[in-house]
Amino acid sequence: MNTTNTEETLRSLSSGLKRDKVESLLVHHSDWGINIRMFLNGDIFELDLINNLGSYELSVVGCEGTPPMQIDELSKLIHLLQLC
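Attention now moves to helix α1 (residues 3-15). Since the α-helix turns once every 3.6 residues, residues separated by three or four places project in the same direction. With 13 residues, α1 should cover 18 Å at 1.5 Å per step; its first-to-last C-alpha distance of 18 Å lies within 8% of that length. Restricting attention to buried positions, one finds in α1 the residues Thr6, Leu10 and Ser14. Projected onto a plane normal to the axis of α1, the buried residues spread over an arc of 60° and lie on a single side. In this structure, the buried side of α1 is in contact with β1 (22-29), β2 (33-40) and α2 (76-80).

Here it is, written out as structure tokens:
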């Protein structure tokens, strides 16, 4: 998936939420993966998605007690974060 498609997918997923609200979204692509920063329900939230052989390793920045998680598709990100 190219960078434009990735960003469009993330924006579409965040705008389709029914209960939770993403007020702003910044998607930054780099060689190692994708950094996502957003205001989610009024709080700052930051994620790192590291490219990992066709899938992604998800790390929540600032939650040191939470181990990295694996996702195959970006659409699973919303369910993994338990957003609605």
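This is not the end of the story, as more comes after the structure.
To continue, consider the nonpolar core. Across soluble globular proteins, nonpolar side chains show a tendency to be buried alongside one another. Grouped together as the largest cluster of nonpolar side chains are 20 residues, with contacts concentrated most on Ile36, Leu47, Leu49 and Leu77. Contributing elements (two or more residues each) for this core: β1, β2, β3 (43-52), β4 (55-60) and α2. In terms of residue count, the dominant contributor to this core is β2 (4 residues). The contact partners of Ile36, leaving out residues within four places of it in the chain, are Leu10, Leu25, Leu26, Phe45, Glu46, Leu47, Leu49 and Leu77.

Next up on the list: the pairing of β2. Side chains on a regular strand alternate between the two faces of the sheet. Most of β2 sits inside the fold, with 6 of its 8 residues counted as buried. Where β1 meets β2, 7 bridges bridge the pair, whose relative direction is antiparallel. Each bridged residue has a counterpart across the sheet, and for Val22 the counterpart in β2 is Leu40. In this antiparallel pair of consecutive strands, β1 and β2, the connection spans 3 residues. When β2 meets β3, the two strands line up antiparallel, connected through 8 bridges. Looking at the pairing, Ile34 lines up with Leu49 of β3.

Conventions adopted
Residues numbered from 1 in each chain as written. Predicted model: local features only at pLDDT ≥ 70, side-chain atom pairs only at ≥ 80, totals over all residues. Heavy atoms only, no water. Helix = DSSP H or I, 4+ residues; strand = E, 2+ residues; numbered from the N terminus. Expected span 1.5 Å × (residues − 1). Buried < 20%, exposed > 50% of the residue type's maximum accessible area, 1.4 Å probe, protein only. Arc of directions from axis to C-beta. Contact = heavy atoms within 4.5 Å. Core = buried A, V, L, I, M, F, W, Y, C linked by side-chain atoms within 4.5 Å. Pairing = 2+ DSSP bridges.

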